[in-house]
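The primary structure of each chain is shown beneath.
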Amino acid sequence: MRDPKVRYLAPERVAYWYFRLNGFFQMENFVVHPARGGSQRNGADLLAVRCPYRAERLFDNPDYFMDDGDTVTRSKGNSYTGFAQVDF
């Protein structure tokens with residue numbers, strides 16, 4: 001049982017910050033709609049895209065680049081797209 005005095009971070013927020021801190025552009029609550037009307041077809045909690053050759057410089061030392069996680073740097077030269085459906 002959860003302790004009411006302790007603040008927990010929702011799993012969706014953990015996924016959001018993981019992608020954000022590894023250089024992804026994100027869209028939350030992504031929904032696919034059919035081309036000819038009707039109800040939604042599918043969705044994801046998070047859609048994330050990481051462009052190739054992106055880099056984030058540190059504010060206090062512009063010659064130093066922030067390191068990204070090994071998982072997202074394996075495909076150098078290619079865009080990286082992620083769909084996250086977070087269940088708790």
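Residues numbered from 1 in each chain as written. Predicted model: local features only at pLDDT ≥ 70, side-chain atom pairs only at ≥ 80, totals over all residues. Heavy atoms only, no water.

Draft legend 1. Molecular detail of the packing of aromatic side chains. Summed over all chains, the structure comprises four aromatic pairs. With 5.7 Å between their ring centres and 70 degrees between their planes, Tyr18 and Phe19 make a pair best called edge-to-face. Owing to a relative accessible area of 37%, Tyr18 belongs among the partly exposed residues under this scheme. Relative accessible area serves as the criterion here: at 15%, Phe19 is assigned to the buried category. Ring geometry for Phe19 and Phe24: centres 4.9 Å apart, planes at 75 degrees, overall edge-to-face. The pair formed by Phe19 and Phe24 is uniform in burial state, with each residue classed as buried. Cluster of aromatic residues (ring-pair linked, three or more members): Tyr18, Phe19, Phe24 and Tyr80. (Phe/Tyr/Trp six-rings, centres within 6.5 Å; stacked < 30°, edge-to-face > 60°. Buried < 20%, exposed > 50% of the residue type's maximum accessible area, 1.4 Å probe, protein only.)

Draft legend 2. Structural view of the pairing of strand β2 (residues 42-50). Of the strand pairs in this sheet, strand β1 (residues 25-32) and β2 are connected by seven bridges, and their pairing is antiparallel. By the bridge assignment for β2, Phe30 is matched with Ala44. The pairing of β2 with strand β3 (residues 80-84) spans five bridges and is classified as antiparallel. Residue Ala48 lies in a different strand from β3, and its bridge partner there is Gly82. (Pairing = 2+ DSSP bridges. Helix = DSSP H or I, 4+ residues; strand = E, 2+ residues; numbered from the N terminus.)

Draft legend 3. Representation of the side chain of Asn22 in the model. Structurally, the position occupied by Asn22 is in the loop between α1 (11-21) and β1. Only 2.9 Å separates the side chain of Asn22 from the backbone oxygen of Tyr18, close enough to count as a polar contact. (Polar contact = N/O pair within 3.5 Å; in protein donor to acceptor, adjacent residues only side chain to side chain.)

Draft legend 4. Looking closely at the pattern of salt bridges. Counting across every chain of the model gives one salt bridge. Here Arg13 ties to Glu28 by a salt bridge, and the two come within 2.7 Å at their closest N and O atoms. Pair noted here: Arg13 is in helix α1 and Glu28 is in strand β1, with a separation of 15 residues, a long-range link. (Salt bridge = Lys/Arg side-chain N within 4 Å of Asp/Glu carboxyl O.)

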